[in-house]
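Reading the structure
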Amino acid sequence: NNYLEQNFPNPFKKQTSFSFKLHQPELVTLKIYDFKGRCVATPIDNELLAFGKHVKKFDSLLPMGTYFYELIAGDKLMRRKMIVVE
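The structure contained in this document is the topic of the report that follows. Nothing here was measured: the structure is a model prediction, and the numbers come from that model.

This part is about the pattern of salt bridges. According to the stated counting rule, one finds three salt bridges in the structure shown. One salt bridge in this structure joins lysine 53 and glutamate 5, with 3.8 Å as the shortest N-O distance. Taken as a pair, lysine 53 in strand E5 (residues 52-59) and glutamate 5 in the loop between strand E1 (3-4) and strand E2 (15-22) lie far apart in primary sequence, 48 residues in all. Salt-bridge contacts for arginine 79 lead to glutamate 70; the nearest nitrogen and oxygen are separated by 2.5 Å.

This is the structure in structure tokens:
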């Protein structure tokens, strides 16, 4: 099965990494939402990625706060929480 790991580090200031595993090649989208549900970044936008483990680094200019990130791989949606600190 596809799996989305917790971003690392978390909490973070300027940069974090998102790790996930795909059990087969999939179209993948990774979006970040603020606490009000507004999309504030799309680190991966509908890219065809191969089977296996992937790591996506993210350089953040987001203000301090709590955010949610969402990975859509094929027909599966996975969501986790992350925190940006100053």
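Once you've had a look at it, read on.
The next point concerns the side chain of asparagine 7. In this fold, asparagine 7 is placed in the loop between E1 and E2. For asparagine 7, the side chain forms a polar contact with the side chain of glutamine 6, separated by 2.6 Å.

Counting 20 residues, the largest nonpolar core has Phe20, Val28, Ile32 and Met82 as the members making the most contacts within it. Elements with a minimum of two residues in this core: E2, strand E3 (26-33), strand E4 (39-49), strand E6 (65-73) and strand E7 (76-84). Excluding residues that lie within four positions of it along the chain, isoleucine 32 makes contacts with Phe18, Arg38, Cys39, Val40, Ala41, Pro43, Phe58, Leu62, Tyr67, Phe68, Tyr69 and Met82.

The amide bond that connects phenylalanine 8 to the next residue, proline 9, takes the cis arrangement and shows omega of -5 degrees. Its place among the elements puts proline 9 in the loop between E1 and E2. Each neighbour pair has its own omega, and for asparagine 10 with proline 11 the value is 5 degrees, a cis peptide bond. Tracing the chain through its elements places proline 11 in the loop between E1 and E2. Phi angles above zero are rare outside glycine, and asparagine 46 is one such case at about 55 degrees. Secondary-structure assignment places asparagine 46 in strand E4. When its relative accessible area of 49% is taken as the criterion, asparagine 46 is described as partly exposed.

What counts and what doesn't
Residues numbered from 1 in each chain as written. Predicted model: local features only at pLDDT ≥ 70, side-chain atom pairs only at ≥ 80, totals over all residues. Heavy atoms only, no water. Salt bridge = Lys/Arg side-chain N within 4 Å of Asp/Glu carboxyl O. Helix = DSSP H or I, 4+ residues; strand = E, 2+ residues; numbered from the N terminus. Polar contact = N/O pair within 3.5 Å; in protein donor to acceptor, adjacent residues only side chain to side chain. Core = buried A, V, L, I, M, F, W, Y, C linked by side-chain atoms within 4.5 Å. Buried < 20%, exposed > 50% of the residue type's maximum accessible area, 1.4 Å probe, protein only. Contact = heavy atoms within 4.5 Å.

Shape is all these values report; function is a separate question.
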